[in-house]
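The chain contents come next:
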Amino acid sequence: MQTATTAYPARPITPAALKELRERDDAGRPAAPFTDTEGGAPLRCCLRRSEPGERIALVSYAPLRRWASRTGATPGAYDEQGPVFIHAEDCPGPDGGGLPFTNAHRTVRRYSADGRILGGRLVEGNEGGAGDEGDPAAFEAAITEAFDDPAVALVHVRAVEYGCFLYEVRRDQP
Ligand SMILES: [Zn+2]
């Protein structure tokens, strides 16, 4: 289990947003929970992979829109939504503040305070790493580098092949 803390921790989907997504997702569809028989689904609520037998749901999530609704930004055409796995019922959230899902190549995408994409970087994960530990140091470096640019307010870590949102990292922590 990755437990190291970083200057810019990964942020799971918030409990308030999860509550809404479990009723109706960001595409307006009712959630369809199922029992995950295989396990291994990257859960954006707890920032770990599912275990076989857990009840999960695949829902459409609009991370930039939800972020912007709190900051007052207007991302316009940059708004997008995509599929994410979450637990089907209330869950405890992440165990520790380290960067998860670093065992594969990821895109670290940068956003400005007004919600526009400012570019990104491909980070090569350590696919030979055990579990999800991979190489968090490479991700920490990419995120620190992103925030070295004062115009960057928000970072998304995304899967390369599918483009799926994994988690966000904010310059301003709560
Ligand atoms: Zn969860």
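Shown above is the structure to which this text applies.
Just so we're clear, the structure is a prediction, and the values are computed from it rather than from any experiment.

Q: Tell me about the overall build of the protein chain, and please be specific about residues and values.
A: Within the protein chain, the secondary structure is distributed over three helices and nine strands. Listing every helix and strand of the protein chain by position from the N terminus yields α-β-β-β-β-α-β-β-β-α-β-β. Expected size for 174 residues packed as a compact globule is a radius of gyration near 16 Å; at 15 Å, the protein chain falls within 12% of this value. The C-alpha extent of the protein chain, read off along each of the three principal axes, is 45 × 40 × 30 Å. In the protein chain, which comprises 174 residues, the share counted as buried stands at 34%. Sequence separation of 24 or more characterises 64% of the internal contacts of the protein chain that already satisfy a separation of 6 or more.

Q: Go over the sheet that holds strand E6 (residues 106-112), please, and point to the residues and values.
A: Taking strand neighbours across the sheet as the criterion, the four strands line up as E7-E6-E8-E9 in an open arrangement whose pairing is antiparallel. Because the sheet does not close on itself, it has two edges, and the strands there are strand E7 (117-123) and strand E9 (165-170). In this sheet, adjacent strand axes meet at a mean angle of 20° when their direction is disregarded. The pairing of E6 with E7 spans five bridges and is classified as antiparallel. Along E7, the bridge assignment pairs Arg 109 with Gly 120. Where helix H2 (residues 63-71) meets the sheet, its contacts fall on E6, strand E8 (152-159) and E9, and the angle it forms with E9 comes to roughly 25°.

Q: I'd like a rundown of the nonpolar core, residues and numbers included.
A: Across soluble globular proteins, nonpolar side chains show a tendency to be buried alongside one another. With 34 residues, the main nonpolar core has Ile 86, Val 108, Ile 143 and Val 155 as its most contacted residues. Every element with two or more residues in this core is listed here: helix H1 (15-23), strand E4 (55-61), H2, strand E5 (82-87), E6, helix H3 (136-148), E8 and E9. Here this core spans two domains, and each of domain 1 (15-87) and domain 2 (106-170) adds at least three residues to it. Residues in contact with Val 108, not counting those within four places in the same chain, are Gly 120, Arg 121, Val 123, Ala 142, Ile 143, Ala 146, Val 155 and Val 157.

Q: Describe the environment of Asp 90, with residues and values.
A: Residue placement: Asp 90 occurs in the loop between E5 and E6. A sequence separation of 71 residues divides Asp 90 from Lys 19, and the C-alpha atoms of the two residues are 8.0 Å apart.

Q: Which residues make up unusual backbone geometry, and what values do they have?
A: Although it is not a glycine, Leu 47 adopts a positive phi angle of roughly 55°. Looking at the element boundaries, Leu 47 is found in the loop between strand E2 (42-43) and strand E3 (48-49). At Phe 101, a residue that is not glycine, the phi angle is positive and equals roughly 60°. Counting through the fold element by element, Phe 101 comes out in the loop between E5 and E6.

Cut-offs applied
- Residues numbered from 1 in each chain as written.
- Predicted model: local features only at pLDDT ≥ 70, side-chain atom pairs only at ≥ 80, totals over all residues.
- Helix = DSSP H or I, 4+ residues; strand = E, 2+ residues; numbered from the N terminus.
- Rg over C-alpha atoms; globule rule 2.2 N^0.38 Å.
- Buried ≥ 20, exposed ≤ 12 C-beta atoms within 10 Å, placed from the backbone.
- Contact = placed C-beta atoms within 7 Å.
- Pairing = 2+ DSSP bridges.
- Axes fitted to C-alpha atoms, helices over the stretch in contact; angles between N-to-C directions.
- Core = buried A, V, L, I, M, F, W, Y, C linked by C-beta atoms within 7 Å.
- Domains from an automatic or database assignment.

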